[in-house]
Number of protein chains: 2
Amino acid sequence: MNPYDRNYKWVYLLTEGNGDMRTLFGGKGAGVSEMIQAGLPVPPGFAITTEACNAYYANERQFPEGMWTQATIALHSLEEQTGKRFGAPENPLLISVRSGAAISMPGMMDTVLNLGLNDETTEGLAALTGERRFALDAYRRFIAMFGHIVMGVDSAKFDRVLERTKIHTQGGRDTDLSETQLEEVIEAYKRIIFAEQHGQPFPQDPHSQLRMAISAVFDSWMGRRAVDYRRVYRIADELGTAVTVQAMVFGNLNWESGTGVAFTRNPSTGERSLYGEYLLNAQGEDVVAGTRTPKYIKELAQELPQVAAQLDEITQSLERHYRDMQDIEFTIEWGKLWLLQTRSGKRTGAAAVRIAVDMVTEGLIDQSTAILRIEPDQLEQLLHPTVAPDAEAIVLTTGLPASPGAAAGIVILDPDEAEKLAQDSDAEPFVLVRHETSPEDFHGMVGAQAVLTVRGGMTSHAAVVARGMGKPCVAGAGSIEIDPHQECLRIGEHVVRKGAWITVDGSTGRVFLGKVPTSEPEFHDDLLQLLAWADERRTLRVRANADTAADAKMARSFGAEGIGLSRTEHMFFDEERLEPMRQMILAENWAERVQALEKILPLQQQDFMAIFRVMDRLPVTIRLLDPPLHEFLPSREDLVTEITELRFTLLQHSQSMSHVAQLISQISERETLLRQVDRLREVNPMLGHRGCRLGLVYPEVTEMQVRAIFEAACTVKSEGIEVLLEIMVPLVATSVELLNQSEIIHRVAREVTGAHGLTLDYKVGTMIELPRAALVADRIAQHADFFSFGTNDLTQTTLGMSRDDSAHFLPSYIVHKVLPDDPFQVIDEEGVGQLIQLGVERGRATNPQLKTGICGEHGGNPRSIAFFNRVGVDYVSCSPFRVPIARLAAAQAAIRSSQA
Amino acid sequence: MNPYDRNYKWVYLLTEGNGDMRTLFGGKGAGVSEMIQAGLPVPPGFAITTEACNAYYANERQFPEGMWTQATIALHSLEEQTGKRFGAPENPLLISVRSGAAISMPGMMDTVLNLGLNDETTEGLAALTGERRFALDAYRRFIAMFGHIVMGVDSAKFDRVLERTKIHTQGGRDTDLSETQLEEVIEAYKRIIFAEQHGQPFPQDPHSQLRMAISAVFDSWMGRRAVDYRRVYRIADELGTAVTVQAMVFGNLNWESGTGVAFTRNPSTGERSLYGEYLLNAQGEDVVAGTRTPKYIKELAQELPQVAAQLDEITQSLERHYRDMQDIEFTIEWGKLWLLQTRSGKRTGAAAVRIAVDMVTEGLIDQSTAILRIEPDQLEQLLHPTVAPDAEAIVLTTGLPASPGAAAGIVILDPDEAEKLAQDSDAEPFVLVRHETSPEDFHGMVGAQAVLTVRGGMTSHAAVVARGMGKPCVAGAGSIEIDPHQECLRIGEHVVRKGAWITVDGSTGRVFLGKVPTSEPEFHDDLLQLLAWADERRTLRVRANADTAADAKMARSFGAEGIGLSRTEHMFFDEERLEPMRQMILAENWAERVQALEKILPLQQQDFMAIFRVMDRLPVTIRLLDPPLHEFLPSREDLVTEITELRFTLLQHSQSMSHVAQLISQISERETLLRQVDRLREVNPMLGHRGCRLGLVYPEVTEMQVRAIFEAACTVKSEGIEVLLEIMVPLVATSVELLNQSEIIHRVAREVTGAHGLTLDYKVGTMIELPRAALVADRIAQHADFFSFGTNDLTQTTLGMSRDDSAHFLPSYIVHKVLPDDPFQVIDEEGVGQLIQLGVERGRATNPQLKTGICGEHGGNPRSIAFFNRVGVDYVSCSPFRVPIARLAAAQAAIRSSQA
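Residues numbered from 1 in each chain as written. Chains lettered and ligands numbered in written order. Predicted model: local features only at pLDDT ≥ 70, side-chain atom pairs only at ≥ 80, totals over all residues. Heavy atoms only, no water.

Structural notes on the overall build of chain A
Consideration 1: When you go through chain A residue by residue, the secondary structure sums to 34 helices and 33 strands.
Consideration 2: By its C-alpha atoms, chain A is 105 × 70 × 55 Å across when sized along the principal axes.
Consideration 3: When the 900 residues of chain A are sorted by exposure, 56% land in the buried category.
Consideration 4: Excluding contacts between residues fewer than 6 apart, the proportion of contacts in chain A whose partners are at least 24 apart in sequence is 68%.
Consideration 5: Accessible surface computed for chain A: about 37200 Å², of which carbon and sulfur atoms make up 49%.
Consideration 6: The average position of the 87 basic charges and that of the 121 acidic charges among the side chains of chain A differ by 3 Å. (Helix = DSSP H or I, 4+ residues; strand = E, 2+ residues; numbered from the N terminus. Buried < 20%, exposed > 50% of the residue type's maximum accessible area, 1.4 Å probe, protein only. Contact = heavy atoms within 4.5 Å. Areas by Shrake-Rupley, 256 points an atom, 1.4 Å probe, with all protein chains shown as cover. Lys, Arg positive; Asp, Glu negative; His and termini not counted. Charge placed at Lys NZ, Arg CZ, Asp CG, Glu CD.)

Structure (structure tokens):
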């Protein structure tokens, strides 16, 4: 490359290039070349190379020798291909000029359209189209665009002229300007340029226009914004920018012209048939403006059968070439079809799956490519009802997407009323709305379509119970005020009364006013096929978090290969079972506690038996009691309120002695409970007396749970069920804790299996959910058969960030890029990831047989799954509905890592 | 060593050994040998070596050839030295037989005393002492001891006989047994042994007794308890046990005999004079029993001048030999002094310092040894008033030792009353007792002698404020119930009314009933000398945590080399300053917030100026606002209570309209505040919106604080003060957070110094108090001049353990050895320590100039300081009163690491 070498090739016709020539042609030029190579009818054009740009800078901002001559020759070629002439009044060739670096770079020069217009060609265009107003308007726009982008005039000056002129029109819109007014505007624009450019007029010569535009593109490469951008993203200055010049085509030339958009397959269902719309005698702008209603693409066969046939054929070759469903923009000029742009089309989850599977059948792509084509999160749509994407509805507020799916119902505030309503078969479906829920609201949640809470996070009672029941839930919608007296919700300006319809979208956290249509889930054959391919490729196993037999059943139907986390505490979230639990917690001494535990044991045993039966031959990991005990007690506020209300009543009823006595006894009972609640109250419950710390202080609780587990396992084993039991100790920070708890487990196991006269294999492992546990994993692993990384708590402790409280600052953290993602959604690889890696390595160092898994919410997050695959854990465990997503994501991770 | 080599030396006289021969003689034998080498009169004895024990096992539990002969010869030597004969009725030699391994091992054989007694020698002893009852009692005890320890008879059988016999006495005590009854007991004991041992009688032959006792010692080495102990502590079986045989001496032989204990220097003051007490014609038991009052050791010079002179001389040689103050047990037998035991004596902090410094002066030890002699925590006693160690007082309860020192005062429950009392110069001193304190109680704390709270931990408001004011504080004394109606405290069975005296010991957490004498602190020349030596040796620098100029002054007087942590939030803990802070927090928008901040700025500036003046030429690290904002608001409970009470009042006053209006407005105002409190309420405030997360969301708060700091620094600089300013950003988890905050700091610094026309060097650094920060220290260090490890929060997050909530389980964790120590007192080296080490290494890897320090409570803990010294941090920072302790501990760490 020598700027003085006139024979060096500075200019290429786009027919000479292909899609790989990004470095030389820039991204846009290479893209158009690829379309040409794919045999598509693209408006002809040429590229001035990035080398020419570099030569320009090497040559004191002069075009390299020969470049302009080569560009002129290329321009002739365009004239030949289009039958138009650049600068000719009759049928004038107009062109677009674009900048284009190898890497897409905002801050570079914008596109200049309709270059080639001047006073003469404008009249020619007017004559050709019979639309003088259109031609003048195009000229007016071109002068302003050229003046601003190429000549550097402040565009506000053009805007002011236009505004002043529009005042004199009736409607005050651009389209209300008369031809005369447009002529005035054009003259005013020319005067502005003349004045601003110190006497240099707007160039009437199209070749001058082109020279200037090319220079402007080259100059923009060293413009302030482009240079700053390259500094930040460490892009080399030497890349340079190319210039792409392309012929303009007009869909509004006559009634044999038109414009449209089309998908090669249906983006909503994936069906293999052309999908789209068009308008004859129109430009792209007309479609966007919505002043005329576009026609359905099938109708083109009647109106312009030849063009329709060509379009059909083109979609075939497009898909053969790109091997993906394409979204195209086309223009018809005088009966000739031109493709302006093609790109992979956006599609729904259902369409994505169908298209991928179909394309494998059609031989267009292989199975691995099909797997990589699906955004795993898109599967969510296939598994839950969703709010129709085109629904027009008022969003009242957005809370946390606590349990996926969408449902509509009338607002109900009281759980007792909810329970009654649920029993009435004629009643409307309802949404239970509460500040937050507790086990005492459970009966009201059972019959609800969805649950909506004002407070609480993704792990609040409402969220956990709703996920367990597969109901949509939006939690922590803090902008809702519940007015219990008026029985209504206040949300900003809206007042939603009890009984009014709302729609809750638990997948996105949105709450809509009224009854918004939802679409039902589909779990069709294509998805099963795709997941079967995925299962063949992944190495990471996928389990589910399931606390009940119903959850477990669902998980198994979604392909879970076991239960990675069964939380025993959730079994107490319904009110009937809560009672003995409270007795246990409030016990004053060991004997009382054991008595209460005896009542809990058979309940737990039944639960475990049901789960074991469902999970026959698959592993089940049962975690011992984890949350702080006060979670099972009524809330302090509720108690205080009750006491206060009882006191008021007492004040008012001081005449009736029997009533007084009764009130006093009720008050005293609640005050006793309040004292207990206070005793157990914690400043930071996340970091309090929970997990194995409960079992250390109250070994009898561990003993009861383990006894229930082994009694259940022995009973179902004698029914012929194969139990693969794994017992998990939560919140371990030291190896002694695990040792202490596993001694209890082994002893009780011996006792129970001995009494049944059975032998039973089982594993004992631990959660790794505290930084310390990861740091001393080598020691802990000596006593563990498996590690399960509890990434929720590990994230909270590693970052020192309470998930329930992070709403105050996390949004602004994401905006300021302090963290790349919400660390509770996507694993924080840099921080938490280090501890997971360390935990796995150190654990395996002392115990090569150690199994490792993930059981936090991240276990169902595709990007996190890619990380877990890289670290080499054995399995992830996620909520049942995310199992298909995790299977797909795991396969993608495996394919990508084998490709790398 | 060959069990058949009769010439191998199996038995050594203790005069042949020394203190280093633990392996051969066992610990006890070597100890006595050392005393002999030190020229002390020790009852003569011999050791049968551990090799003999091993030979015994190699030889099917037979004594090795020659061993018994050698033992007999050694026994003769004892007879010669004592002038007594083994087995002779007149003046019989009695001996003790002890086991002794090289490593002290509980679970081995106990001592057998008075071996050699039989029917004949007992009568001989009776004749010699003229106390036949004493002789019979000794014999009775010997038979039981021998029967149990050597012959393996269940001691309960002997006990039952004794109990049955005692029923027939008047008092029912051992000493009430008559000679006849004792004779009956002896015969009964003999019959038990005969029966239990299948016809083998109690051996009358003293040599048989000795043979059997030696065998029993050897056998005990392979006893169950000893073997288990060795397995747990990984002690090799091959060590074997020695047998130590020593002549018995009797202090109750006559009035020229006696027994006593003595310290070579005064253990209370350190004064160099013999200190102790004795009883003539008495055994050790008599001193312990307290039936006779012992005499002060000085009186011995009158009673037995020769012995007293010998004792004086012995203490000299003892100290020359052991080079430390000794605590000795002695017996005088017929005018001859025998030393039974010597060991380093326990002493008070004051004594420890004085003795160490004196001994350097006396040339007994060098300065490093003197430094190592002091338990650093003992210095605490020298810096605060303490409850006299011998005080006899009722301990009402024990809470957390939240602020050291002891004080007595009358109980006051109401802060307003406390404030009035403080202004009355005639009033009694008082202790303020509260459930917990908030800034609204500050005025009541000012005049209090001490503060006592029912709830709250070591970092509660009460604790922090009391430490700041240097007042004793016991926090979280949960067993106290405050009864506001009766105006009293209930603690178990005790009821303490308002106005009654209590004494609070903030160093130990104890609360005493009544006015308990306290001893005043002394900061004398010896301590200054010792600390001067320490400063010469340590490499770790010592700074103080100080939030006010008063704290800073105290810190400097204690030798702090700078302020390592100045918490700006504590400046708002008094009520006057709280008001603008609340305005800032409750601001509805940016403008209101900035307005409130403008009021805070001059207050902060004044504070900083005062601190800078005190710390002229020493570094001052100021931490930006750290705690969650709701800490500055009134408690939710107080508000709810107030509202409820106002509502009651409203109900009662519904007749007076003006009063009603006033009440309603008061209620409404508090309800507004309550809503704000609710909005800011957090589930886990430790992990919530605090630290730099405040500054990220409200940059104007950071800006105000930084402006106040630089305005203060510039102002005092112009007064000629040298400011070494370090600004610290709290709770950083990512490098972007630090970058964001330091951009504000640098900008404001430029603006303020520019306006003052000054230049000012300053450093910007960060707390490392989250696991993630330590893990990504390499990135953070690129933007930091220094790291300060906040070990309090780092411990809480690494272990997932809230300090405020750990009282429910931490005590049982320490008991079960789940953790070796309270991790909030002593740094958890295995877990948290790893992160500190990692943080230091990674930080220095990318920033070799990085300064590192510690500013958690561990900065003042001696064992933690040893760890920090090893890791190589540059400084520790602790509360002012712990500065001398840290200086000493740092010196000890340096000396020990140079010795290793």
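After that view of the structure, there is still more to cover.
Quick look at the relation of the copies chain B and chain A
Applying a rotation about an axis and a shift along it to one chain copy brings it onto the other copy.
Consideration 1: Between the two copies, chain B and chain A, the superposition gives an RMSD of 0.2 Å; the rotation angle is 179° and the shift along the axis is 0.1 Å. The symmetry that links the two subunits is that of a two-fold axis. No C-alpha of chain B approaches the rotation axis more nearly than that of Asn684 of chain B, which lies at 2.0 Å.
Consideration 2: The residues that chain B uses at the interface reappear at the interface of chain A in 100% of cases, marking a shared surface. (Least-squares fit on C-alpha atoms with pLDDT ≥ 70 in both.)

Details of the packing of aromatic side chains
Think of a pair of aromatic rings as described by two things: how far the centres are apart, and how the planes are tilted against each other in angle.
Consideration 1: Taken as a whole and judged by the stated rule, the model has 36 aromatic pairs over all chains.
Consideration 2: Between Phe134 of chain A and Phe250 of chain A, the ring centres sit 6.3 Å apart and the planes meet at 80°, which makes this aromatic pair edge-to-face. Placement of Phe134 of chain A in helix H5 (residues 132-150) and of Phe250 of chain A in the loop between strand S7 (241-247) and strand S8 (258-263) is noted, with a sequence separation of 116 residues between them. Across the pair, exposure class does not vary: Phe134 of chain A and Phe250 of chain A are buried alike.
Consideration 3: Taken together, a centroid distance of 6.3 Å and an interplanar angle of 90° make the contact between Phe787 of chain B and Phe789 of chain B edge-to-face. By the burial criterion, Phe787 of chain B is buried, and Phe789 of chain B matches it.
Consideration 4: Each member of the aromatic cluster is reached from another via a ring pair, and the members are Tyr56, Tyr57, Phe63 and Phe218 of chain A. (Phe/Tyr/Trp six-rings, centres within 6.5 Å; stacked < 30°, edge-to-face > 60°.)

Concerning the interface of chain B and chain A
Consideration 1: Between chain B and chain A, the residue contacts involve 55 residues of the former and 56 residues of the latter.
Consideration 2: Of the roughly 5000 Å² buried where chain B meets chain A, counting both sides, 57% is carbon and sulfur surface.
Consideration 3: Area buried by chain B at its contact with chain A is led by Leu687, Arg772 and His808 of chain B, which between them contribute 13% of it.
Consideration 4: Applying the counting criterion to the chain B and chain A interface returns six salt bridges. (Buried area = accessible area lost by both parts, 1.4 Å probe. Salt bridge = Lys/Arg side-chain N within 4 Å of Asp/Glu carboxyl O.)

Digging into the pattern of salt bridges
Consideration 1: Enumeration over the complete set of coordinates arrives at 118 salt bridges over all chains.
Consideration 2: Between Asp678 of chain A and Arg681 of chain A there is a salt bridge, with the nearest N and O atoms lying 3.4 Å from each other.
Consideration 3: For the salt bridge of Glu751 of chain B with Arg707 of chain B, the shortest nitrogen-to-oxygen distance reads 2.8 Å. With a gap of 44 residues between them, Glu751 of chain B in helix H27 (residues 735-756) and Arg707 of chain B in helix H26 (residues 699-717) connect regions that are remote in the sequence.
Consideration 4: Salt bridges here are not isolated pairs; linked through shared partners, they connect Asp535, Arg538, Arg541, Glu561 and Arg887 of chain A.

Quick notes on the nonpolar core
Consideration 1: Counting residues in each nonpolar core, the largest one holds 219 residues, and the members touching the most others are Phe612 of chain A together with Phe612 of chain B.
Consideration 2: Those residues in contact with Phe612 of chain A, other than ones at most four positions away along the chain, are Val620, Ile622, Ile709, Ala712, Ala713, Val716, Ile721, Val723 and Leu725 of chain A. (Core = buried A, V, L, I, M, F, W, Y, C linked by side-chain atoms within 4.5 Å.)

Here's the deal with the sheet that holds strand S21 (residues 488-491) of chain A
Hydrogen bonds between backbone groups are what pair the strands of a sheet, and the pairing can be parallel or antiparallel.
Residue and element names in this part refer to chain A.
Consideration 1: Pairing is antiparallel across the open sheet formed by three strands, whose spatial order is S20-S21-S22. The sheet is open, and its two borders are formed by strand S20 (480-483) and strand S22 (494-497), each paired with just one other strand. For this sheet the average axis-to-axis angle between neighbouring strands, irrespective of direction, equals 25°.
Consideration 2: Here S20 pairs with S21 via four bridges, running antiparallel. If you follow Glu481 over to S21, its bridge partner there is Arg490. (Pairing = 2+ DSSP bridges. Axes fitted to C-alpha atoms, helices over the stretch in contact; angles between N-to-C directions.)

Remarks on the sheet that holds strand S9 (residues 275-280) of chain B
Residues and elements named next belong to chain B.
Consideration 1: Strand order across the open sheet formed by five strands is S10-S9-S8-S11-S12, with antiparallel pairing between neighbours. Looking along the sheet, the strands with just one partner apiece sit at the ends: strand S10 (295-296) and strand S12 (336-344).
Consideration 2: Bridging between S9 and S10 involves two bridges; their strand directions are antiparallel. Opposite Glu277, over in S10, you have Tyr296 as the bridge partner.
Consideration 3: Docked against the sheet, helix H12 (residues 305-322) engages strand S11 (326-333) and S12, running at close to 30° with respect to S12.

With respect to helix H4 (residues 119-129) of chain A
Residue and element names in this part refer to chain A.
Consideration 1: For H4, the full list of buried residues reads Thr121, Thr122, Gly124, Leu125, Ala126 and Thr129.
Consideration 2: Next to the buried residues of H4 lie strand S4 (92-93) and H5.
Consideration 3: Two or three places before Glu120, at the opening of H4, Asn118 has a side-chain oxygen 3.1 Å from that residue's backbone nitrogen.
Consideration 4: Looking at the residues trailing H4, positive phi occurs at Gly130, about 70°. (Polar contact = N/O pair within 3.5 Å; in protein donor to acceptor, adjacent residues only side chain to side chain.)

Some remarks on the state of the cysteines
Residues and elements named next belong to chain A.
Consideration 1: This structure, assessed with the given rule, holds zero disulfides over all chains.
Consideration 2: We note that Cys473 lacks a disulfide partner, and the nearest cysteine sulfur, in Cys878, lies 19 Å from it.
Consideration 3: Judged by its relative accessible area of 0%, Cys473 falls in the buried class. (Disulfide = S-S within 2.5 Å.)

Considerations on a negative patch on the surface
Residues and elements named next belong to chain A.
Consideration 1: The grouping of Asp414, Asp416, Glu419, Glu575 and Glu579 at the surface amounts to a negative patch.
Consideration 2: Those elements that provide at least two residues to the negative patch are helix H16 (415-423) and helix H21 (575-586).
Consideration 3: Positionally, Asp414 belongs in the loop between strand S16 (406-412) and H16.
Consideration 4: Since its relative accessible area comes to 32%, Asp414 is described here as partly exposed. (Patch = residues over 30% accessible without salt bridge, like charges linked within 9 Å, V, L, I, M, F, W, Y side chains within 5 Å.)

Describing the side chain of Asp616 of chain B
Consideration 1: As for its placement among the helices and strands, Asp616 of chain B is situated in the loop between helix H22 (590-614) and strand S28 (619-623).
Consideration 2: Setting aside its immediate chain neighbours within four residues, Asp616 of chain B contacts Arg556, Ile721 and Glu722 of chain B.

Observations concerning the packing of helix H33 (residues 862-871) of chain A against helix H34 (residues 883-899) of chain A
All names here are of chain A.
Consideration 1: One way to put it is that H33 packs onto H34 with a least axis distance of 9 Å and a crossing angle of 50°. When the axis of H33 is compared with that of H34, the two are oblique. The interaxial crossing formed by H33 with H34 has right-handed handedness. Counted together, Pro862, Ile865, Ala866 and Asn869 of H33 and Ile885, Ala886, Ala889, Ala890, Ala893, Ala894 and Ser897 of H34 form the full contact between these two elements. (Parallel < 35°, antiparallel > 145°, perpendicular 65-115°, else oblique. Left-handed = near helix turned anticlockwise from the far one by under 90°.)

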